[in-house]
Amino acid sequence: MPFISQIQRQSDYAYFPSETPIVIDNGASYFRIGWAGENDPRVIFRNIVQRPRHKATGETVTIVGDHDPALLRYFDCTRSGPRSAFDNNVVYQFEIMEYILDFGFDRLGANGSQIDHPVLITECVCNPVHSRSKMSELLFETYGVPSVAFGVDAAFSYKYNQRHGICNEDGLAICPGFNTTHVIPFIAGEPVYKGCTRTNIGGYHVTDYLKQLLSLKYPHHMARFTWEKVEDLKMEHCYIAPTYASETRLFQKGTDEAEDKTRVWQLPWVPPPVEELPSEEEIARKAALKERQGQRLREMAEAKRLSRINELDNELRGLEFLLHQLEQVQAHEIPNFLRETGYHSRQEIEASAHKVTLSLRKAKGEPKADQSEAEDKTDSSEKYPLINIPDEMLTPDQIKEKRKQLFLKTTSDGRQRAKQKRLDEESERERRNQLDEERRLENPELYLEQTHARYMELAERVEQRKRLKTNGNQTNGNSGGVGRGERLNAAQRERMRLLTTAAFDRGKGEDTFGARDEDWQLYKLMSKDNDDDDDGPEPDEVELARISSRLQEIDPTFVPKSEAEASQQGSEVPKSRPLTQEDFKIVLGIERFRCPEVLFNPNLVGIGQAGVDEMAGVSIRRLPEKNEELEKRLTSSILMTGGSCLYPGMCERLEAGIRMIRPCGTTIKVVRALDPILDAWRGASAYAAAVQFPQQTFTRMGYFEKGEDWIRGYKFRYNL
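This is a predicted model, so every value here is computed, not measured.

Definitions and limits used
Residues numbered from 1 in each chain as written. Predicted model: local features only at pLDDT ≥ 70, side-chain atom pairs only at ≥ 80, totals over all residues. Heavy atoms only, no water. Core = buried A, V, L, I, M, F, W, Y, C linked by side-chain atoms within 4.5 Å. Buried < 20%, exposed > 50% of the residue type's maximum accessible area, 1.4 Å probe, protein only. Contact = heavy atoms within 4.5 Å. 1 Å grid on protein atoms, 1.4 Å probe; cavity = no way out; pocket = protein on both sides within 12 Å on 5 of 7 lines; lining within 4 Å. Points joined across faces, edges and corners; volume = space filled by probe spheres on them. Helix = DSSP H or I, 4+ residues; strand = E, 2+ residues; numbered from the N terminus. Nonpolar A, V, L, I, M, F, W, Y, C, P; charged D, E, K, R; others polar. Phe/Tyr/Trp six-rings, centres within 6.5 Å; stacked < 30°, edge-to-face > 60°. Lys NZ or Arg CZ within 6 Å of the ring centre and 35° of its normal. Salt bridge = Lys/Arg side-chain N within 4 Å of Asp/Glu carboxyl O. Pairing = 2+ DSSP bridges. Axes fitted to C-alpha atoms, helices over the stretch in contact; angles between N-to-C directions. Arc of directions from axis to C-beta. Polar contact = N/O pair within 3.5 Å; in protein donor to acceptor, adjacent residues only side chain to side chain.

**A closer look at the nonpolar core**
In a soluble, globular protein the nonpolar side chains are often hidden away together inside.
Stage number 1. In this structure, Ile22, Ile24, Met97, Leu101, Phe105, Leu120 and Met135 are the most contacted members of the largest nonpolar core, which totals 65 residues.
Stage number 2. What Met135 contacts, discounting residues up to four positions off in sequence, is Asn26, Val91, Phe94, Met97, Leu101, Ile121 and Phe150.
Stage number 3. Listed in part, the 43 residues of the second largest apolar core include Ile174, Leu599, Tyr647 and Ile658.

**A word on empty space enclosed by the protein**
If a probe as big as a water molecule is rolled over the atoms, it shows which places are left empty.
Stage number 1. Throughout the structure, instances matching the rule amount to 1 cavity of 30 Å³ or more.
Stage number 2. Lining of the largest cavity is provided by Arg461, Val462, Arg465, Glu538, Asp540 and Glu541.
Stage number 3. Counting only elements with at least two residues in the lining of the largest cavity, the list comes to α14 (444–470) and α18 (539–554).
Stage number 4. The greatest single-element share of the lining of the largest cavity, amounting to 3 residues, is contributed by α14.
Stage number 5. Of the residues assigned to the lining of the largest cavity, the class counts are 1 nonpolar, no polar and 5 charged.

**Topic: the environment of Ser136**
Stage number 1. Note that Ser136 resides in helix α2 (residues 129–143).
Stage number 2. Judged by its relative accessible area of 0%, Ser136 falls in the buried class.
Stage number 3. Not counting the four nearest positions on each side in its chain, Ser136 is found in contact with Phe150, Phe698, Tyr703 and Ile711.

**Focus: the packing of aromatic side chains**
Stage number 1. In the structure shown here, the tally under the stated rule is 23 aromatic pairs.
Stage number 2. Considering the side-chain rings of Tyr158 and Phe186, the 4.1 Å spacing of their centres and the 5° angle between planes classify their relative orientation as stacked. You can see Tyr158 sitting in helix α3 (residues 153–163) and its partner Phe186 sitting in strand β14 (residues 181–187), a full 28 residues away along the chain. Of the two residues examined, Tyr158 and Phe186, each falls in the buried class.
Stage number 3. Measuring from centroid to centroid gives 6.2 Å for Tyr687 and Phe693, while their planes differ by 90°, and the two rings are edge-to-face. For the residue pair Tyr687 and Phe693, the accessibility class agrees, reading buried in each case.
Stage number 4. Sitting above the plane of the Phe600 ring, Arg653 keeps its charged end 4.6 Å from the centroid.

**Examining the pattern of salt bridges**
Two side chains with opposite charge may pair up if their charged atoms get near one another.
Stage number 1. Under the defined criterion, the tally for this structure stands at 36 salt bridges.
Stage number 2. Notably, a salt bridge pairs Arg46 with Glu228, separated by 2.9 Å at the nearest N-O pair. Taken as a pair, Arg46 in strand β4 (residues 43–46) and Glu228 in helix α5 (residues 227–237) lie far apart in primary sequence, 182 residues in all.
Stage number 3. The salt bridge partner of Lys409 is Asp413, with a shortest N-O separation of 3.1 Å. Of this pair, Lys409 and Asp413 both sit in helix α13 (residues 396–442), 4 residues apart, which is roughly one turn of that helix.
Stage number 4. Judged by relative accessible area, which is 26%, Lys409 ranks as partly exposed.

**Details of the pairing of β14**
Remark: a regular strand shows side chains that alternate across the two faces of the sheet.
Stage number 1. For β14, the tally of buried residues reaches 6 of 7 residues, placing the bulk of the element in the interior.
Stage number 2. Pairing of strand β13 (residues 171–176) with β14, which is carried by 6 bridges, proceeds in the antiparallel orientation. The residue bridging Pro176 from the neighbouring strand is Thr181, located in β14.
Stage number 3. With 3 bridges connecting them, β14 and strand β16 (residues 197–199) associate as antiparallel partners. Bridging from a neighbouring strand, Val183 pairs with Thr197 of β16.
Stage number 4. Examined bridge by bridge, β14 and strand β15 (residues 190–191) share 2 bridges and lie antiparallel to one another. Counted as the bridge partner of Ile187 is Glu190 from β15.

**Digging into the sheet that holds strand β12 (residues 147–152)**
Stage number 1. Read across the sheet, 6 strands follow the order β4-β3-β2-β11-β12-β21 without closing on themselves; strand pairing throughout is mixed. Of all strands in the sheet, those with a lone pairing partner are β4 and β21 (698–699), marking the two edges.
Stage number 2. In terms of strand pairing, strand β11 (residues 119–123) meets β12 through 5 bridges, oriented parallel. Looking at the pairing, Val119 lines up with Val148 of β12.
Stage number 3. Each of β2 (22–26), β3 (30–35) and β11 is contacted by helix α24 (residues 679–688), which is oriented at about 155° to β2, the strand it contacts most.

**Quick notes on helix α22 (residues 628–635)**
Stage number 1. Among all positions of α22, only Leu630, Glu631, Leu634 and Thr635 are buried. Down the axis, α22 shows its buried residues gathered within 130° of arc, on one side only.
Stage number 2. Of the surrounding elements, those touching the buried residues of α22 are β13, β14, α21 (612–621) and β19 (638–640).
Stage number 3. Taking the backbone nitrogen of Glu629 as reference, a side-chain oxygen 3.0 Å away marks Asn627 as the first, capping residue of α22.

Now the structure itself:
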């Protein structure tokens, strides 16, 4: 099985005799394996497995523990994230556990899958029989281990520190681990499991809480807050506050002491390049280059225009020559002549010639005759000869042509009316501006004041009308709203009256609407298409635009209301801004003690369980013997072990918390282990090196003969 790892493989496996035990500290965070009697484990790696696929070959590889992040760019990790064999602190995924053991034995130097050495492996307090049975089955049947022993990691750490005089035979072992925290009472050097307590809080929750707080505080740097980096920040900067409430108030006040306790992590930041203003030589060079490019474009456009004129000129000569030939052709040969040229009639040729003539004039830049004026001078009877002829006197083709002429005439008339309306409006605007200019010359100050007042009045009226139009769900009730009838103009109200009258008359008897010509005239009046007021702007809006334009001419300080509102909206702070160097500084203030506080107050992360200090009191109360002298001996020798007890101030805070729940005058002594992380493995290594160790193991033959019943009754003794 291919492994990817930075851990070197040991080469002295063959030098150890088969009687030398292998010691495994199987923690939820780290896996440690080595030889009995040695002071340090040979191999240490994170207890996780990841199985991605190679992007090029598609081969599945196994990544166990720590790995080089640069190698992951060659693998597809989207479907395979890091997985652990633990649920809290109990092994339940033995398929993953097999990968871990394969890797551990391989890096220890074992050749093949057969392990000929006894194994001492740690487990959690009160490990379920099913988990221990599956682990025994894995070691015996997969690896062929001759014998196995199980022991509690916190107990090994306590015994190791007891031999070095750190703690006494009677005492408490408090082990805040990765997923859980245990408190184990020791009496005469042996753990009393009936007095043990456990809470589902540990270093994982501290790291996860710190990661959440930093991600919420700095959302634009979430990718930098990897689990490994946050773990390093936690171990380097976090501490336990003597009193959480007083420490919080200290940071709220912003005192100098809080400033001294604040840490800053500077992320890599590269200042954006500063754009330098171009020099005069550069500006002149760009202007000359732009002028040359413009001259080249103008020359290309002129060449294209001349080519177009030449093409149109040739086409026009061809059409004129065709008309000249058509005049010389006899009448009975005209259809054949037209069929050969591709035209259907002489009128089509003349229309094409007229169109080409207009295009040629446009290409040459000559002013073209006003087509609308020419149409006005032309008699409608000559231009549209079929309009006044009844349909009974026309053929089907002529009827189609008549409809076409009707459409063209209606369009032409509408265009003329619109043009005349624009001319009238222009003349009216000019007349009003002339009158305003005369008034301004008489008294400029009064005129300016009156014009501003008129502008504000019209602006308010237009805004009010817009609000009324958008107020479509209110009625004329007591709420002060505006009903639909008050929002309609005169044409719309007339249409509503006609519709109401028609509906009322229709309900009186037989429906005869449409039988008379007057009904169709009423229909035209009710039609929305006949409402000219809906198409154009309101008179107030037109007058407001005229006055606004007038004020811009005579008052340099005048700013239209729409532009003023737009400038106010543009002056608001934008939602996103470029990041500066200050944005790349990760400030660790209250997070330094707020995150590890979950060990004493798990409800900060939504876990309704007891804290570490309260667990010590619960463990003492659970002891089967109620002896005050024994309780005093226990509280006078409290050992803290495990990775989560390395925070500064942990011992002092725990001692203060236990003192609050114990009787006054009780001796309380809290000490930290020599090495809270490795003391469990060292204690197990020293235990496995003892001569009496084989008596505490159960063999493979005994497992096959007695099975799970032997495992159920297995009891490990720590005093040899």
